[in-house]
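Architecture at a glance
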Amino acid sequence: MDKEYSVSDEIDIDIENICRRKSREKIGVCAQCGYAVFDDDDAFRINANGEMVHRICWEEYASQNAREFLSAI
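Presented here is a report on the structure given in the accompanying data block. (Residues numbered from 1 in each chain as written. Predicted model: local features only at pLDDT ≥ 70, side-chain atom pairs only at ≥ 80, totals over all residues. Heavy atoms only, no water.)

Things to note about the overall build of the protein
What counts here: Secondary structure elements are defined from DSSP: runs of H or I of at least 4 residues count as helices, runs of E of at least 2 residues count as strands, and each element is numbered from the N terminus. A 1.4 Å probe rolled over the protein chains alone gives each residue an accessible area, and that area as a share of the maximum for its type sets the label: buried under 20%, exposed over 50%, partly exposed in between. Throughout, a contact is declared for two residues whenever any of their heavy atoms are within 4.5 Å. For every accessible area listed, the method is Shrake-Rupley and the probe measures 1.4 Å; residues are considered covered only by the protein chains on display.
From N to C terminus, the protein includes three helices and four strands. Starting at the N terminus, the α and β elements of the protein follow one another as α-β-β-β-β-α-α. Every one of the 73 residues in the protein was classed for burial, and the buried ones make up 25%. For the protein, long-range pairs separated by at least 24 residues make up 20% of all intrachain contacts whose partners lie at least 6 apart in sequence. Split by element, the accessible area of the protein, about 5,700 Å² in all, is 47% carbon and sulfur.

Structure below.
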């Protein structure tokens, strides 16, 4: 029987694969998942606070930290 994966399962699998490569230079830690960010990862620095985040972690990070990026009107 095929196992159904949720979005979080897919992210965990992708992050584990990203972090297994050893020939790259670690430049920080993802603010969302806590795994290492390497110099050739698909990641970026958040202008609002200077933290690093993997691109695949961004949507979840932004939704959990919306007040950091938004102002009430």
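With respect to the side chain of H54
Quick reminder of the rule: Here a polar contact is taken to be a pair of N or O atoms separated by no more than 3.5 Å, where protein atoms must pair a possible hydrogen donor with a possible acceptor and residues adjacent in sequence count only if both atoms sit in side chains.
Tracing the backbone shows H54 in strand β4 (residues 52–54). Reaching out from H54, the side chain makes a polar contact with the backbone oxygen of A36 at a distance of 3.1 Å.

Thoughts on the environment of E60
Tracing the backbone through its elements, the reader meets E60 in helix α2 (residues 58–64). Between the C-alpha atoms of E60 and C33, which are 27 residues apart in sequence, the distance is 9.6 Å.

Topic: the nonpolar core
Keep this limit in mind: Only buried Ala, Val, Leu, Ile, Met, Phe, Trp, Tyr and Cys residues count toward a nonpolar core, and they belong to the same one when joined by side-chain atoms within 4.5 Å.
Within the largest apolar cluster, seven residues are counted, these being C30, V37, I46, M52, V53, C57 and Y61. Among residues more than four places away in sequence, those in contact with Y61 are A31, Q32, I46, N49, E51, V53, E68 and F69.

Description of the side chain of R24
Tracing the sequence through the fold places R24 in the loop between α1 (7–20) and β1 (26–29). Within the structure, the side chain of R24 is placed 2.7 Å from the side chain of D40, a separation counted as a polar contact. Reaching out from R24, the side chain makes a polar contact with the side chain of D41 at a distance of 2.5 Å.

Focus on the environment of V29
Position of V29 among the secondary structure elements: in strand β1. The class of V29 is partly exposed, set by a relative accessible area of 43%. Not counting chain neighbours up to four residues away, the residues in contact with V29 comprise G34, Y35, A36, V37 and M52.

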